[in-house]
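# Per-entry structural report
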Amino acid sequence: MKKWKRWQKWLLIAAGSGLIGIFLADILTQLSTKDRVYTATAAIPHRKVGLLLGTSKRMADGRRNLFYLYRLEAAVELFKAGKIDVILASGDNSTKYYDEPSDMKADLVKKGIPANRIYLDYAGFRTLDSVVRSKVVFGQTAITVISQQFHNERAIFIAQQKGIDAVAYNAKGIGGDAGLKVRLRESLARVKMLLDLIFGKRPKFYGPSVEIE
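Rules of the game
Residues numbered from 1 in each chain as written. Predicted model: local features only at pLDDT ≥ 70, side-chain atom pairs only at ≥ 80, totals over all residues. Heavy atoms only, no water. Helix = DSSP H or I, 4+ residues; strand = E, 2+ residues; numbered from the N terminus. Buried < 20%, exposed > 50% of the residue type's maximum accessible area, 1.4 Å probe, protein only. Contact = heavy atoms within 4.5 Å. Areas by Shrake-Rupley, 256 points an atom, 1.4 Å probe, with all protein chains shown as cover. 1 Å grid on protein atoms, 1.4 Å probe; cavity = no way out; pocket = protein on both sides within 12 Å on 5 of 7 lines; lining within 4 Å. Points joined across faces, edges and corners; volume = space filled by probe spheres on them. Nonpolar A, V, L, I, M, F, W, Y, C, P; charged D, E, K, R; others polar. Phe/Tyr/Trp six-rings, centres within 6.5 Å; stacked < 30°, edge-to-face > 60°. Pairing = 2+ DSSP bridges. Axes fitted to C-alpha atoms, helices over the stretch in contact; angles between N-to-C directions.

### Focus: the overall build of the chain
The helix and strand tally for the chain stands at six helices and six strands. Counting from the amino terminus, the chain carries its helices and strands in the arrangement α-β-β-α-β-α-β-α-β-α-β-α. Split into buried and exposed, the 213 residues of the chain put 43% on the buried side. Within the chain, contacts between residues separated by at least 24 positions form 75% of all contacts whose residues are at least 6 apart in sequence. As displayed, the chain offers around 11600 Å² of accessible surface, 59% of which is attributable to carbon and sulfur atoms.

As structure tokens, then:
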């Protein structure tokens, strides 16, 4: 019985430490980025390149993914307002059957964005990869990140640590159960982000440099 109580004590300490870590990672990310996240095109400063962060076009059950739709709409808003000149669509292209960047380009063109103003990053497997590659591969030291607010905050935090002058434009968010689930996952993602930065995690691929005109 004494041994079990001792284990209970350490389990409670571990659980408490984990919760504190999640809370601190969340607060640190929010406070570090709050002045660089925008919700109005009139207020956001101009950047040459808008980094559009990818996600799947469809949900697992085949329904359209509103996170995807709203991100594209936000990118179009910025482009048409003259706040960005080029869109860098960065996402996962891990197999020939799954290609987020090409999906984004096709849908952006349908929405009136000229094809020659869209560049594709096929190795944006994670947010860290997308942000770091925007500088190392695509040569950008000042960008506008385009995603939902929770995602934008994490991307800007990474950019700050990597010497990138980043601002972000918030796409429309999602409420209900879907939004809650994503927000809970984001809390854990922020802890992982800090660990990746502390331990010097690098993108999965770099590859040759690409000049954005």
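There's more to say after this.
### Focus: the layout of surface pockets
Put simply, the largest pocket is a space of about 760 Å³. Within the residue set of the lining of the largest pocket, elements represented by two or more residues are helix 2 (66-80), helix 4 (127-136), helix 5 (149-161) and helix 6 (176-198). Sorting elements by how many residues they give to the lining of the largest pocket places helix 6 first, with six residues. When the residues that make up the lining of the largest pocket are grouped by side-chain class, the tally is 10 nonpolar, 10 polar and 11 charged.

### A few points about the packing of aromatic side chains
One pass over the structure, following the stated rule, counts two aromatic pairs. Note on Phe-67 and Phe-150: the rings are 6.2 Å apart at their centroids and 90° apart in plane angle, and the pair reads as edge-to-face. Note that Phe-67 is positioned in helix 2 and Phe-150 in helix 5, a separation of 83 residues in sequence. On the basis of relative accessibility, which here comes to 17%, the residue Phe-150 falls in the buried class.

### Concerning the sheet that holds strand 2 (residues 47-53)
Reading across from one edge, 1-6-5-2-3-4 is the order of the six strands in this open sheet, with parallel pairing throughout. Two strands close off the open sheet at either side, each with one partner strand: strand 1 (37-38) and strand 4 (118-121). Of the pairings in the sheet, the one linking strand 2 to strand 5 (residues 142-148) comprises four bridges and is parallel in character. Looking at strand 5, one finds that Gly-50 is bridged to Thr-144. In the packing of helix 3 (residues 100-110) onto the sheet, the strands contacted are strand 2, strand 3 (84-90) and strand 4, and the crossing angle to strand 4 comes to about 165°. Contacts from helix 5 reach strand 1, strand 2, strand 5 and strand 6 (165-171), with the element oriented near 150° to strand 5.

The analysis is restricted to geometry; functional conclusions fall outside its scope.
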